[in-house]
Amino acid sequence: MNSKVLSLFLLSSFAAVSHSVVMWDEGINGDLSGDRLLPTNLNLVIGSNELIGSTGNTGTTDRDYFHISLTGGQKLTKIYLRNYVSADDIAFIAVQAGTVITEDPTNANVGNLLGWTFFGTPQIGSDLLAPMGTGSGSIGFTPPLTGSDYTFWIQQTGDPTDYVMDFQVVPEPSSMAALAGFALLLKKKRQRAA
């Protein structure tokens, strides 16, 4: 593999890190699950993963529950709040390790949540993952999230609320090192063959 091809290969591999997708848009894909025991399964890619949703109380509270799996050396480093539109100042987001939210939303024990935080207009452009890790009374964590299964709970008990969140996923350093090592091995193999 000549140096130009190797450079192109590595460049395209690293470009995947900045990949951006809309992983769910309630306006297109339908409402996220309102059942904490059957959350919507969302797939994450390396890079930016946008979630476009709405929650609020229009007679009944519309809660959003979704599950993610971090696989293949992925780690969730940040959740940016990209937009928030509501007459209500504050909404709620929580995360729990596993494939469901075990807590009944009408009588939740925050001690069983991995983390939680409030969010609203003042947090637009800010990371929500770090404050979630320090949610009062929760188990707590320090980002990034690694491992496998996490389930999120978003709700607004007041006025309808539209939100856009950006889940930032990066490969673990070992994954990037393996990719670079593979490219180097290919280069050496080609040099020996030449």
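Definitions and cut-offs
- Residues numbered from 1 in each chain as written.
- Predicted model: local features only at pLDDT ≥ 70, side-chain atom pairs only at ≥ 80, totals over all residues.
- Heavy atoms only, no water.
- Pairing = 2+ DSSP bridges.
- Helix = DSSP H or I, 4+ residues; strand = E, 2+ residues; numbered from the N terminus.
- Axes fitted to C-alpha atoms, helices over the stretch in contact; angles between N-to-C directions.
- Phe/Tyr/Trp six-rings, centres within 6.5 Å; stacked < 30°, edge-to-face > 60°.
- Buried < 20%, exposed > 50% of the residue type's maximum accessible area, 1.4 Å probe, protein only.
- 1 Å grid on protein atoms, 1.4 Å probe; cavity = no way out; pocket = protein on both sides within 12 Å on 5 of 7 lines; lining within 4 Å.
- Points joined across faces, edges and corners; volume = space filled by probe spheres on them.
- Nonpolar A, V, L, I, M, F, W, Y, C, P; charged D, E, K, R; others polar.
- Salt bridge = Lys/Arg side-chain N within 4 Å of Asp/Glu carboxyl O.
- Contact = heavy atoms within 4.5 Å.
- Core = buried A, V, L, I, M, F, W, Y, C linked by side-chain atoms within 4.5 Å.
- Polar contact = N/O pair within 3.5 Å; in protein donor to acceptor, adjacent residues only side chain to side chain.

Novice: Can you help me understand the sheet that holds strand β9 (residues 149-155) in this one?
Specialist: The strands that make up a sheet are held in pairs by hydrogen bonds between backbone atoms, and each pair lies either parallel or antiparallel. On the basis of which strands lie adjacent, the open sheet formed by five strands has the order β2-β5-β9-β7-β8 and mixed pairing. Edge positions in the sheet fall to β2 (40-42) and β8 (115-119), since each has one partner strand and no second. In this sheet, adjacent strand axes meet at a mean angle of 25° when their direction is disregarded. Examined bridge by bridge, β2 and strand β5 (residues 64-69) share three bridges and lie parallel to one another. By the bridge assignment for β5, Asn41 is matched with His67.

Novice: Explain the packing of aromatic side chains here, please?
Specialist: Ring pairs (aromatic) are described by centroid distance and by the angle formed between their planes. Scanning the model with the defined rule gives 10 aromatic pairs in all. Ring geometry for Tyr65 versus Trp153: centroids 6.1 Å apart, planes at 35°, classification tilted. Of this pair, Tyr65 sits in strand β5 while Trp153 sits in strand β9, and the two are 88 residues apart along the sequence. Residue classification places Trp153 among the buried positions, given a relative accessible area of 3%. Taking 5.5 Å as the distance between ring centres and 90° as the angle between the ring planes, the aromatic pair formed by Phe152 and Phe167 counts as edge-to-face. Here Phe152, found in strand β9, pairs with Phe167, found in strand β10 (residues 161-171); they are 15 residues apart in sequence, far enough to count as distant.

Novice: Honestly, the layout of surface pockets in this entry has me stumped. Any pointers?
Specialist: Over the atoms, a rolled probe matching the size of one water molecule traces out where space is still vacant. Volume-wise, the largest pocket comes out at about 160 Å³. Along its surface, the largest pocket is lined by Ile90, Ala91, Phe92, Ala108, Val110, Leu113, Trp116, Phe118, Trp153, Gln155, Gln156 and Thr157. Looking at the lining of the largest pocket, the elements that each hand over two or more residues are β7 (91-97), β8 and β9. Looking at the lining of the largest pocket, its residues break down into nine nonpolar, three polar and no charged.

Novice: Looking at this structure, how should I read the pattern of salt bridges?
Specialist: Close approach of charged atoms allows side chains of opposite charge to pair. Overall, the coordinates contain one salt bridge when judged by the stated rule. Close ionic contact of Arg82 with Asp166 constitutes a salt bridge, the shortest N to O distance being 3.0 Å. Placement of Arg82 in strand β6 (residues 74-86) and of Asp166 in strand β10 is noted, with a sequence separation of 84 residues between them. On the basis of relative accessible area, Arg82 is assigned to the partly exposed category, the value being 38%.

Novice: Is there a simple way to think about the environment of Asn49 in this case?
Specialist: Summarising the element assignment, Asn49 is placed in strand β3 (residues 47-57). Put simply, Asn49 and Met23 are 26 residues apart on the chain and 5.6 Å apart in space, counted from C-alpha to C-alpha. Contact partners of Asn49, with chain neighbours within four places excluded, come to Val21, Met23, Asn43, Leu44, Met165, Asp166, Phe167 and Val169.

Novice: Before we go on, may I ask you to explain the nonpolar core in this structure?
Specialist: Nonpolar side chains tend to gather and get buried jointly when the protein is soluble and globular. By size, the foremost hydrophobic cluster in this structure holds 30 residues, and its most contacted members are Leu51, Leu76, Phe119, Phe152, Met165 and Phe167. Listing elements by their share of this core, those giving two or more residues are β1 (20-25), β5, β6, β7, α3 (129-132), β9 and β10. Tyr65, Phe92, Trp116 and Trp153 belong to the second largest nonpolar core, which has seven residues in total.

Novice: Just to check I follow, could you spell out the side chain of Asp166 for this structure?
Specialist: By relative accessible area, Asp166 is classed as buried at 3%. Of the polar contacts made by the side chain of Asp166, one reaches the side chain of Ser48; its length is 2.7 Å. Within the structure, the side chain of Asp166 is placed 3.3 Å from the backbone nitrogen of Asn49, a separation counted as a polar contact. Asp166 has contacts with Ser48, Asn49, Glu50, Lys78, Ile79, Tyr80 and Arg82, leaving out every residue within four places of it along the chain.

Fair warning: the whole summary comes from geometry, so function is off the table for now.
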